[in-house]
Amino acid sequence: HMRSLQSQAEVLQKQPALSTADSQSQLTALAAQLLGEHSLTVQGNQANVTLRNVPPQRLGEWLAQARSQARAVPQQAQLEYSNAGWNGSMVMRLP
């Protein structure tokens, strides 16, 4: 498992740098596609994400793609799980 994480980290490090504007664009598109419209607001190099009944698999997919495609990293999360899915908010740091 540690080797897998190390491999993932190396792949991310080798990717070309991404501007904050490009990261915002990628993250906005991913949020609209996987989390629903109006789920993301961006201010500078920080994105605030609102989750409403997001299925666990979809949240995991979004987090993975946010990291690999938009180079966004979670900074803070306040989440609650219900039968309908994940609800709450997250703060993501952009490059």
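Cut-off values and rules
Residues numbered from 1 in each chain as written. Predicted model: local features only at pLDDT ≥ 70, side-chain atom pairs only at ≥ 80, totals over all residues. Heavy atoms only, no water. Helix = DSSP H or I, 4+ residues; strand = E, 2+ residues; numbered from the N terminus. Buried < 20%, exposed > 50% of the residue type's maximum accessible area, 1.4 Å probe, protein only. Contact = heavy atoms within 4.5 Å. Axes fitted to C-alpha atoms, helices over the stretch in contact; angles between N-to-C directions. Parallel < 35°, antiparallel > 145°, perpendicular 65-115°, else oblique. Left-handed = near helix turned anticlockwise from the far one by under 90°. Core = buried A, V, L, I, M, F, W, Y, C linked by side-chain atoms within 4.5 Å. Pairing = 2+ DSSP bridges.

1. Section: the side chain of Ser39
The residue Ser39 is located in the loop between α2 (20-34) and β1 (40-43) in this model. Residue Ser39 is classed as buried on the basis of its relative accessible area of 4%. In this structure Ser39 touches Ala31, Asn48, Val49 and Thr50, once residues within four positions along its chain are discounted.

2. Some details on unusual backbone geometry
One non-glycine residue with positive phi stands out, namely His38, at about 60°. Relative to the assigned elements, His38 resides in the loop between α2 and β1. Even without being glycine, Arg71 reaches a positive phi, approximately 60°. For Arg71, the position within the fold is in the loop between α3 (56-69) and β3 (73-82). With relative accessibility at 17%, the residue Arg71 sits in the buried group.

3. A look at the packing of α2 against α3
Between α2 and α3, the least distance of the axes is 10 Å, while the angle of their chain directions is 165°. Comparing the axis directions of α2 and α3 gives the class roughly antiparallel. Read as a crossing pair, α2 and α3 show a hand that is right-handed. Counting all contacts with α2, which are made through Gln26, Leu27, Leu30, Ala31 and Leu34, the residues of α3 involved are Arg58, Glu61, Trp62, Gln65, Ala66 and Gln69.

4. Re the nonpolar core
Soluble globular proteins tend to bury their nonpolar side chains together. The biggest cluster of nonpolar side chains holds 18 residues, and the ones touching the most others in it are Leu27, Val49, Trp62 and Met92. Breaking this core down by element, the ones donating at least two residues are α2, β2 (46-54), α3 and β4 (85-93). Those residues within four positions of Trp62 in sequence are excluded, and the remaining contacts are Leu27, Leu30, Ala31, Leu34, Leu35, Val49, Met90 and Met92.

5. A look at the environment of Ala29
Examined against the element boundaries, Ala29 turns out to sit in helix α2. The exposure class assigned to Ala29 is partly exposed, which follows from its relative accessible area of 46%. Separated by 11 residues in sequence, Ala29 and Leu18 place their C-alpha atoms 15 Å apart.

6. Quick word on the sheet that holds β4
Pairing is antiparallel across the open sheet formed by four strands, whose spatial order is β1-β2-β4-β3. Across the chains shown, the open sheet's two edge strands, defined by having one partner strand only, are β1 and β3. Within this sheet the neighbouring strands show an average axis-to-axis angle of 10°, counted without direction. Where β1 lies against β2, four bridges are found, and the strand directions are antiparallel. Each residue of the ladder has a partner; that of Val42, found in β2, is Ala47. Taken strand by strand, α2 contacts β1 and β2, and its axis lies near 165° from that of β1.

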